[in-house]
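These are the residues of each chain, in order.
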Amino acid sequence: MIPLALAGGWSGGWATAALPLYGWVMISVLDALLGDNDENPDPATPEHRLVWHRAITLIWFPVQAVTLFGMIWWVTHTGHLGMGEKIALFFGMGVISGTIGIVYAHELLHQRNRLERWLADLLLASVLYSHFRSEHLLVHHLWVGTPRDAVTARYNEGFHRYFARVLRHCPGSAWAAETRLLARAGRRPLDRRNPFWRYAALQLVMLGAALALGGWQGLALFFWQAFVAVWQLELTNYVEHYGLTRKHLGDGRYEHVLPRHSWNSAETASNWLLINLQRHSDHHYKPDRRFPLLQTYSEDEAPQLPRGYPAMTAMAMVPPVWRRRMNPRVRAWRRKYYPEVEDWKPYNRGETPMPRGSI
């Protein structure tokens, strides 16, 4: 992706469209050619044998930062690109910071190592979505498949309506989760330990760098790539759990998270691109497992997407097409795992009780 970004910045014209075409079209073509990879690594592999896998995620922030801010300086100090070309180019930059940057940030924020968590914060700040760390760890993983988790897409909910709901709900939800954690320790919401201070500072640094390097135009292009990155993240979130809800057991209690509560995909090329994010059923079942060791599941153990994420996210942009392809799969999933549930309307509308202890 980096060479494609540089080619677009240097040549302009149709080269500025190369990144989106690679990320969605070419990867989907490679998925079709290479098929599925159903091999599962030994989950007990010691961490010292994963050093090169970890290195990929550790070096990514400086690579992305140099590319992004270097491109902001370049397009605002040279005159060979028109405004349309700049918009297309920074759409492609958003593809990089969303498809790679946020996915790597997701891997890093799940680790206990302070360096890795700081790198996750830097990557998320570069797309102005720092609250994702709090929301993901303190809400999504605890309450996925319940009405407390905004990013569990509801059955029959189109992506565009979902996207607006997530953007409106998640920052406040993340703040509430962090301040509740502080309150348990007897601290006030504005205590210096609240990570939102760090989030704000890092995001201001990113905005300041964009403004200093590219002026107001550079700042606008930075905002544009951030929006595209967040849009890609939430497209992925939409696909990962669409229609998959945990059964309410009564009194605000829900069943434990199982592989069945995330869509799984074993397509080879898109799992290379997304460092096994599509083995999402295992990630939610074992959230502390590093990406090289994530397991894939058969159709008997977890619901399967018909294609990899690039193809599915493109499909999600057209809700009638998405529903025609995915709603029958959700209904089959319900019949398979929950034949005893007769009324799914409360689940469809997110009206089952809030999980006990979630608010």
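Remember, predicted model here, so these are calculated numbers, not experimental data.

Q: Teacher, can you tell me more about the packing of helix 6 (residues 131–143) against helix 8 (residues 195–241) here?
A: In helix packing, the relevant descriptors are the interaxial angle and the interaxial distance, both defined with respect to the helix axes. Contact pair helix 6 / helix 8: the axes reach a minimum separation of 10 Å and the direction vectors enclose 30°. Comparing the axis directions of helix 6 and helix 8 gives the class roughly parallel. Where helix 6 approaches helix 8, its residues H131, F132, R133, S134 and H140 are matched on the opposing element by P195, F196, R198, Y199, L233, N237 and H241. Its residues assigned to classes, the contact of helix 6 with helix 8 shows five nonpolar, five polar and two charged.

Q: How do you make sense of unusual backbone geometry when you look at a structure like this?
A: Excluding glycine, residues mostly carry a negative phi; peptide bonds, for their part, are mostly trans. For I275, which is not glycine, the phi torsion reads 40° and is therefore positive. Checked against the element boundaries, I275 lands in the loop between helix 9 (268–273) and helix 10 (280–285). Despite not being glycine, N276 has its phi angle at roughly 65°, a positive value. You can see N276 is positioned in the loop between helix 9 and helix 10. Judged by its relative accessible area of 14%, N276 is buried.

Q: For this particular structure, what's the right way to read a nonpolar patch on the surface?
A: Residues L21, V25, M26, V29, L33, L34 and W272 make up a contiguous nonpolar surface patch of roughly 730 Å² in combined accessible area. At six residues, helix 2 (residues 18–34) tops the list of elements feeding residues into the nonpolar patch. Among the secondary structure elements, W272 is positioned in helix 9. Taking relative accessible area as the criterion, W272 reaches 61% and is therefore assigned exposed.

Q: Teacher, can you tell me more about the environment of A229 here?
A: Structurally, the position occupied by A229 is in helix 8. Given a relative accessible area of 0%, A229 falls into the buried group. The spatial distance from the C-alpha of A229 to the C-alpha of S97 is 5.7 Å, given a sequence separation of 132 residues. The contacts of A229, once residues within four sequence positions are left out, are G94, S97, G98, I102 and V127.

Q: Honestly, the packing of aromatic side chains in this entry has me stumped. Any pointers?
A: The geometry of an aromatic ring pair comes down to the distance between the two centres and the angle between the two planes. According to the stated counting rule, one finds 23 aromatic pairs in the structure shown. Each ring, one from Y338 and one from W344, has its centre 6.1 Å from the other, and the planes form 70°; the classification is edge-to-face. The same class applies to Y338 as to W344, namely buried. These aromatic residues form a ring-pair network of at least three members: W24, F91, F159, Y162, F163, W224, F227, W231, Y238, Y242 and W322. It is R198 that lies over the ring of W118; its NZ or CZ is 5.5 Å from the centre. Between K286 and the ring centre of Y285, over which it is positioned, the NZ or CZ distance is 5.4 Å.

Q: Is there a simple way to think about the environment of K345 in this case?
A: Structurally, K345 can be placed in helix 13 (residues 345–348). Considered as a pair, K345 and H256 are 89 residues apart in the sequence and their alpha carbons are 21 Å apart.

Q: Help me out: how do you make sense of the packing of helix 4 (residues 83–109) against helix 8 in this one?
A: In the contact formed by helix 4 and helix 8, the axes pass within 7 Å of each other and the chain directions differ by 45°. When the axes of helix 4 and helix 8 are compared, the pair comes out oblique. Considering only the axes of helix 4 and helix 8, their crossing is right-handed. Of helix 8, the residues touching helix 4 (which contributes M83, K86, I87, F90, F91, M93, G94, V95, S97, G98, T99 and I102) are Q217, L221, W224, Q225, V228, A229, V230, W231, Q232 and L233. Its residues placed into classes, the contact of helix 4 with helix 8 shows 14 nonpolar, seven polar and one charged.

Q: Can you walk me through the nonpolar core in this structure?
A: Side chains that are nonpolar tend, in soluble globular proteins, to be buried together. With 84 residues, the main nonpolar core has F69, F90, I96, Y238, Y242 and W322 as its most contacted residues. Top contributing element to this core by residue count: helix 8, with 15 residues. Ignoring anything within four residues of it in the chain, the contact list for W322 reads Y238, V239, Y242, M312, M315, A316 and N327.

Q: What should I look at first to understand the pattern of salt bridges in this one?
A: Note that side chains of opposite charge can pair when their charged atoms are close. Tallied over the full model, the rule gives 12 salt bridges. E47 serves as the salt-bridge partner of R54, at 3.5 Å between the closest nitrogen and oxygen. A salt bridge links R289 to D282; the nearest nitrogen and oxygen atoms lie 2.8 Å apart. Given a relative accessible area of 0%, D282 falls into the buried group.

Q: Looking at this structure, I do not really get the side chain of R165. What am I missing?
A: With respect to the helices and strands, the residue R165 is situated in helix 7 (residues 159–184). When its relative accessible area of 12% is taken as the criterion, R165 is described as buried.

Q: Even after reading the chapter, I still don't get helix 11 (residues 309–316), so can you show me in this structure?
A: An α-helical turn contains 3.6 residues, so a residue and the one three or four places further along point in the same direction. In terms of residue burial, helix 11 counts as a mostly covered element, since six of its eight residues are buried. Where helix 11 is concerned, the buried positions are Y309, P310, M312, T313, M315 and A316. In this structure, the buried residues of helix 11 make contact with helix 2, helix 7, helix 8, helix 9, helix 10 and helix 12 (319–337).

Basis of the calculations
Throughout, a residue's number is its position along its own chain's written sequence, starting from 1. Only residues with pLDDT of 70 or above have their local features reported here, since the model is predicted, and side-chain atom pairs are shown and tallied only from 80 upward, although totals for entire chains, interfaces and linings are computed over all residues. Note: side-chain values were computed over all heavy atoms of the structure, leaving out hydrogens and water. Note on definitions: angles span 0 to 180 degrees between N-to-C directions of axes, and those axes are lines fitted to C-alpha atoms, for helices only across the stretch in contact. Runs of E in the DSSP output that reach at least two residues are strands. Runs of H or I that reach at least four are helices, and both are numbered from the N terminus. To sort the angles, those under 35 degrees are grouped as roughly parallel, those over 145 as roughly antiparallel, those from 65 to 115 as roughly perpendicular, and the leftovers as oblique. Should any heavy atoms of two residues lie within 4.5 Å, those residues are considered in contact. Residue polarity follows a fixed list, in which Ala, Val, Leu, Ile, Met, Phe, Trp, Tyr, Cys and Pro are nonpolar, Asp, Glu, Lys and Arg are charged, and the others, Gly among them, are polar. Buried residues are those whose accessible area, probed at 1.4 Å on protein chains only, stays under 20% of the maximum for their type, while exposed residues exceed 50% and partly exposed ones sit between those limits. Patch definition: residues with relative accessible area over 30% and no salt bridge; like charges joined within 9 Å; nonpolar side chains (Val, Leu, Ile, Met, Phe, Trp, Tyr) joined within 5 Å. Only the protein chains shown count as cover for residues, with accessible areas throughout obtained via the Shrake-Rupley method and a probe of 1.4 Å. Any carboxyl oxygen of Asp or Glu within 4 Å of a side-chain nitrogen of Lys or Arg constitutes a salt bridge here. Whether two aromatic rings pair depends on their centres lying within 6.5 Å, for rings of Phe, Tyr and Trp, where Trp uses its six-membered ring; planes under 30 degrees apart make the pair stacked, over 60 edge-to-face, and the rest tilted. Think of it as a cone above the ring: NZ of Lys or CZ of Arg counts as a charge over the ring if it is within 6 Å of the ring centre and within 35 degrees of the ring normal. Crossing chirality is assigned from the near helix's rotation relative to the far helix, an anticlockwise turn below a right angle marking it left-handed and a clockwise turn marking it right-handed. Only buried residues count toward a nonpolar core, which is a set of Ala, Val, Leu, Ile, Met, Phe, Trp, Tyr and Cys residues joined through side-chain atoms within 4.5 Å.

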